[in-house]
Amino acid sequence: MSSHKEAIKENSMIIQKEMLAKQFKDLSMAKELGKKVVYTFVPGNLTELILSFDMLPVYPEINALQSGMRKKSAEYIRDAEKIGFSEDVCTYVKCDIGMMLNGNIGPTGEKIPPPDLLLLSYTGCFTFLKWFENLERLYPGVPVAMLHTPYQEDGVMTEDQINYMVKQMKEEVIPKMEMVSGQKYDHARLSKMMENSAKAEDLLVKILESAKLVPSPIDAYFAGVYYIGPIFTAFRGTQEAVDYYTELWNEVQQRIELGLGPVTPEGEIKEEKFRLVVEGPPNWTNFREFWKIFYDMGAVIVASSYTKVGGVYDLGFRHDPKEPLESLSKYCMGVYTNMNLPQRVEMLENYVKEYKADGFLINSIKSCNSFSAGQLMIMREIEQRASVPVGFIESDLVDPRYFSYSNIKNRLESYFQMLEQRKIILKQEATTI
Amino acid sequence: MKSLEQLLAECEEAAFDLQFKRAKRWKAEDETRVIVGYLPTYIPREIIHAANGIAVGIMGTGDRKQIIKGDAYYQSYICHLPRGIIEMALDTNLEGFDGFLFPAICDCVRNLSGMFKLSNKGKFQRYFDYPQNFSAHIGGKFYIQELEKVLEDIFNVNGVRVTTESLNHSIGLYNTNRQLIEAIYDIREASPWKLSAVETYYLLRAGLGMPVEEHNEILEQVVGYLQNERGEPMDNTRVVVSGSFCEQPPIGLIKSIELAGCYIVDDDFMLGSRFIIGDIDHHTDNPLSALSEAYIHQSTFSSAYYDVGNPKGKRLVALAQRRMADGIIFCAASFCDPALLDRPELQKEADAAGLPHINFQFHENTGQFKIIKEQAGTFSDSIKLWA
Ligand code: SF4
Ligand code: SF4
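Residues numbered from 1 in each chain as written. Chains lettered and ligands numbered in written order. Predicted model: local features only at pLDDT ≥ 70, side-chain atom pairs only at ≥ 80, totals over all residues. Heavy atoms only, no water.

J.: Help me out: how do you make sense of the site of ligand 2 in this one?
T.: All names here are of chain B. Lining the immediate surroundings of ligand 2 are Cys-79, Leu-81, Ile-105, Cys-106, Cys-108, Val-109, Phe-245, Cys-246, Glu-247, Phe-335 and Cys-336. Residues that form the shell around ligand 2 fall into these classes: 10 nonpolar, no polar and 1 charged. Mapping the shell around ligand 2 onto the domain boundaries places at least three of its residues in each of domain 1 (22–162) and domain 2 (231–386). (Near = heavy atom within 4 Å. Nonpolar A, V, L, I, M, F, W, Y, C, P; charged D, E, K, R; others polar. Domains from an automatic or database assignment.)

In structure tokens, the structure reads:
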């Protein structure tokens, strides 16, 4: 069960903690600081644009996951269900609405101010649309800027689609930002920020790709969710993000030099027994216990799709200072959940091969159709194409009712046994050849 | 000439023909004809018609097909509709279909489009993205581009190019189709006993699998018959059913509501057939633009249509008031995020307007209706008691 030991922290983690503390402090003092507050989503976020207007972004998904980690989500979800939200729907939405009903207290214990603008960057998940339609009614009078991101239906981004997005930004999003912030759109400033974005993105890719080494110096899922935090949220485009990733990359390089394994809350993994690629978001309510099942078994996640929801930088995309609005459009269209299923399968197949994974595992989230619908087909495809054992577990993001520790542990133990068996067989085959 | 009863029986059969025989027969008569299957809710069928095709609504298997393989593709917490559709795709039901369109209504349908792509079903599989920007030169233009992609897909199959005339002609036919459907709803508003909700459902759903010309003929005859008296008025409660959206309720559910003493005076079961309100210009030099304008300005409210500035709660209440409904029955598919996430707001608006409501969830293959019938009966009685 959950360990009560104090987690071991590296310098980059301390830096990130400070960044977040400052962000929530600023948010709690938004009025005094004269800052306007924009609620928006992680996939397809326009953080640089928001920051270029000196506004503060809030990501309700992040609040929901933090509520899950702080064991607040059960109560919030219950309260949302009391006002009519079905048990069946996305728990992030209910957790967020429940948090709002309970005073909108953020992860640092400070109140998150109400939005001045709801920026509905509608990317890769239909529920976002419904979520902000609901918020619009809960915060009457707050303007909503809709940015519709076309789906990569054909697996490509066309000029027409990019033009459609740029036009929406110019005629819908930017005018509303100007109105709310009282500032004019500053192209040069946005462009400058994108230089920082690209620098941080380069570093993030190096960090995530370090997991191609055997043994891997990082866990690209459980630790990966911390690594992506700053760049997927309020800090993309800032110098702080560049500094954070520089520090993190230094740490990873040191670990590579020293031949150390991934850092877990209980120290380094001493022996990498299994390398896995994971599809699907993690569970947040029991995050530490969940992770522990893996590191206790020497299982390291070498690549994951979840760490690509806020951008698939390892496939080559970078924010481009030369054409900031176009590159924001391409960024939005490129995020993992906006990729069509054949693209997702191809990416995961490549991960299994390039990261030399022993297996492919799906953590299917009960309330997230954006990820879950189609996962069983993805699993079959990967099994056939990459010829590795596949595993399947189920949980939820923030609803503790759907996290069954014993079920998950049993399933994973059988899965690891299967991987172990396969390793023995492969070894025997190699020696007989 | 067929009697009303014969027409209704024919429609009942056509509505649930999961082999889509009528559409396949039609296609077999000419080798440039194509069948394009589409999922709920709305597809501008006019463009497919103009390209010498038939747009066939694939509304799920309901309780009429045993799901054997489909369940292996979906976790238990995903709605029922896509597993039935995969079952049909793996079986023979969709053989002969040239392409498939997946309207942008939810992540399940979106990812299903990818599953069809991965398994190469049909000659094309296209996710049909609706714009959520409603300016003609932004979202409207995007919509036209989506229409053009579908036309190109069909052209690649049958070599048929649409013309202004052919598009205008098709738009005209679908205008007639919607006019006739609305005429039936108007008759039922005044005299709901003349045609039950179940019969209406058969009539509308049958139209998803036959040429629009044939459907129009049937509807015209039905409208003619309904000018005469039929059935006896009863002391029933008038309700609007809302939330059915995409996955279809089993007929047993609709029947149960009626048997419990409710006249369903409006509903959104066959949302796609009624999506555009009013006529679309069919004497135009630019029919694609007319279709786009209609989508932007004449769409009904639905869970797939971004409604800030034109809230669906208010539109639902206005509909209920127009139909002189006594209450609303919310009835959405289990695990349907779009429909269920709309529900609290719709209920709030119903409360504000003093419209009583109850709420059910269903699967398309739900088999037990006793509780639903009891609850609908209690609801109906309580309305009568307090009216
Ligand atoms: S359905 Fe999934 S991707 Fe969409 S908002 Fe909910 S958790 Fe996020
Ligand atoms: S029933 Fe709802 S969730 Fe299921 S496919 Fe239809 S719209 Fe999507």
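J.: Looking at this structure, how should I read the site of ligand 1?
T.: Neighbouring ligand 1 are the residues Cys-90, Tyr-92, Cys-125, Thr-127, Phe-128, Trp-131, Cys-368, Ser-370 and Leu-397 of chain A. Here the residues of the shell around ligand 1 sort into 7 nonpolar, 2 polar and no charged.

J.: Just checking my understanding: could you explain the packing of aromatic side chains for this structure?
T.: Aromatic ring pairs are described here by two measures, namely the spacing of the ring centres and the angle between the planes. Within this structure, the stated rule accounts for 48 aromatic pairs over all chains. Where Tyr-130 of chain B meets Tyr-295 of chain B, the ring centres are 5.3 Å apart and the plane angle is 10°; that geometry is what we call stacked. You can see Tyr-130 of chain B sitting in the loop between strand E4 (124–128) and helix H6 (136–158) and its partner Tyr-295 of chain B sitting in helix H11 (residues 287–298), a full 165 residues away along the chain. Measuring from ring centre to ring centre gives 4.7 Å for Phe-134 of chain B and Tyr-305 of chain B, while their planes differ by 25°; the resulting arrangement is stacked. With Phe-134 of chain B in the loop between E4 and H6 and Tyr-305 of chain B in the loop between H11 and helix H12 (312–322), the pair connects residues that are 171 residues apart, well separated along the chain. For Phe-134 of chain B, a relative accessible area of 25% gives the class partly exposed. Judged by its relative accessible area of 8%, Tyr-305 of chain B is buried. The ring of Tyr-73 of chain B has Arg-380 of chain A lying over it, and the distance from NZ or CZ to the ring centre is 4.1 Å. When the ring centre of Phe-16 of chain B is taken as origin, the NZ or CZ atom of Arg-64 of chain B, which lies over that ring, is 3.6 Å away. (Phe/Tyr/Trp six-rings, centres within 6.5 Å; stacked < 30°, edge-to-face > 60°. Helix = DSSP H or I, 4+ residues; strand = E, 2+ residues; numbered from the N terminus. Buried < 20%, exposed > 50% of the residue type's maximum accessible area, 1.4 Å probe, protein only. Lys NZ or Arg CZ within 6 Å of the ring centre and 35° of its normal.)

J.: Any chance you could explain the interface of chain B and chain A here in plain terms?
T.: As a measure of interface size, the accessible area lost when the parts come together is often cited. Between chain B and chain A, the contact holds 53 residues from the first and 55 residues from the second. In this assembly, chain B packs against chain A so that about 4800 Å² is buried in total across both faces, 56% of it on carbon and sulfur atoms. Summed over the shared surface of chain B and chain A, the number is 7 salt bridges. Among the ionic pairs, Asp-342 of chain B bridges to Lys-130 of chain A, the shortest N-O distance being 3.2 Å. The tally of links from chain B across to chain A stands at 33 residue pairs in polar contact (both at pLDDT 80 or more). Put simply, the parts of the chain that give the side of chain B that touches chain A at least two residues each are helix H5 (107–118), E4, H6 and helix H13 (337–352) of chain B. For the side of chain B that touches chain A, the element with the highest residue contribution is H13 of chain B, accounting for 9 residues. Considering only residue class, the side of chain B that touches chain A consists of 26 nonpolar, 14 polar and 13 charged. (Contact = heavy atoms within 4.5 Å. Buried area = accessible area lost by both parts, 1.4 Å probe. Salt bridge = Lys/Arg side-chain N within 4 Å of Asp/Glu carboxyl O. Polar contact = N/O pair within 3.5 Å; in protein donor to acceptor, adjacent residues only side chain to side chain.)

J.: I tried to follow the packing of helix H8 (residues 197–206) of chain B against helix H9 (residues 212–225) of chain B on my own but got confused; where do I start?
T.: A packed helix pair is summarised by two numbers, namely the angle formed by the two axes and the spacing between the axes. Residues and elements named next belong to chain B. Where H8 meets H9, the closest approach of the two axes is 9 Å, and the angle between their N-to-C directions is 155°. Taken together, the axes of H8 and H9 are roughly antiparallel relative to one another. Here Leu-203, Leu-204 and Ala-206 of H8 lie close against H9, whose contacting residues are His-215, Ile-218, Leu-219 and Val-222. Looking at the contact of H8 with H9 residue by residue, the class counts come to 6 nonpolar, 1 polar and no charged. (Axes fitted to C-alpha atoms, helices over the stretch in contact; angles between N-to-C directions. Parallel < 35°, antiparallel > 145°, perpendicular 65-115°, else oblique.)

J.: Would you take a moment to explain unusual backbone geometry for this structure?
T.: Trans peptide bonds make up most of the peptide bonds, and negative phi angles are found at most residues other than glycine. With an omega dihedral of -5°, the bond running from Val-214 of chain A to Pro-215 of chain A counts as a cis peptide bond. For the bond from Pro-40 of chain B to Thr-41 of chain B, the omega torsion is 10°, close enough to zero to count as cis. With respect to the helices, strands and loops of the structure, Thr-41 of chain B is situated in the loop between strand E1 (34–38) and helix H3 (45–50). Its identity is not glycine, yet Asn-104 of chain A carries a phi of approximately 55°, on the positive side. Among the secondary structure elements, Asn-104 of chain A is positioned in the loop between helix H6 (91–101) and strand E3 (117–122). For Asn-104 of chain A, a relative accessible area of 5% gives the class buried. Of note in this structure, Asn-52 of chain B is not a glycine but carries a positive phi near 65°. As for its placement among the helices and strands, Asn-52 of chain B is situated in the loop between H3 and strand E2 (53–57).

J.: What should I look at first to understand the sheet that holds E4 of chain B in this one?
T.: Sheets are built from strands that pair by backbone hydrogen bonding, the pairs being arranged parallel or antiparallel. Residue and element names in this part refer to chain B. One open sheet accounts for 4 strands, arranged E2-E1-E3-E4; its pairing is parallel. Of all strands in the sheet, those with a lone pairing partner are E2 and E4, marking the two edges. Averaged over all pairs of adjacent strands, the angle between strand axes in this sheet comes to 25°, irrespective of strand direction. The pairing of E1 with strand E3 (residues 99–103) spans 3 bridges and is parallel. Bridging from a neighbouring strand, Tyr-38 pairs with Leu-101 of E3. Its contacts with the sheet put helix H2 (residues 21–28) on E1 and E2, and the angle it makes with E1 is roughly 150°. Seen against the sheet, H5 touches E3 and E4 and runs at an angle of roughly 160° to E3. (Pairing = 2+ DSSP bridges.)

J.: What is the right way to look at the nonpolar core in this model?
T.: For soluble globular proteins, nonpolar side chains are generally found buried alongside one another. Within the largest apolar cluster, 274 residues are counted, with the highest numbers of intra-cluster contacts made by Tyr-92, Leu-120, Phe-294 and Phe-360 of chain A together with Leu-203 and Ile-329 of chain B. Excluding its chain neighbours within four sequence positions, the residues that come into contact with Phe-360 of chain A are Val-277, Glu-279, Leu-348, Val-352, Ile-378, Met-379, Ile-382, Val-388, Pro-389, Val-390, Gly-391 and Tyr-415 of chain A. Among the nonpolar cores identified, the runner-up in size contains 14 residues, and Val-240, Leu-316, Ala-325 and Ile-328 of chain B belong to it. (Core = buried A, V, L, I, M, F, W, Y, C linked by side-chain atoms within 4.5 Å.)

This is a description of form; function is not addressed.
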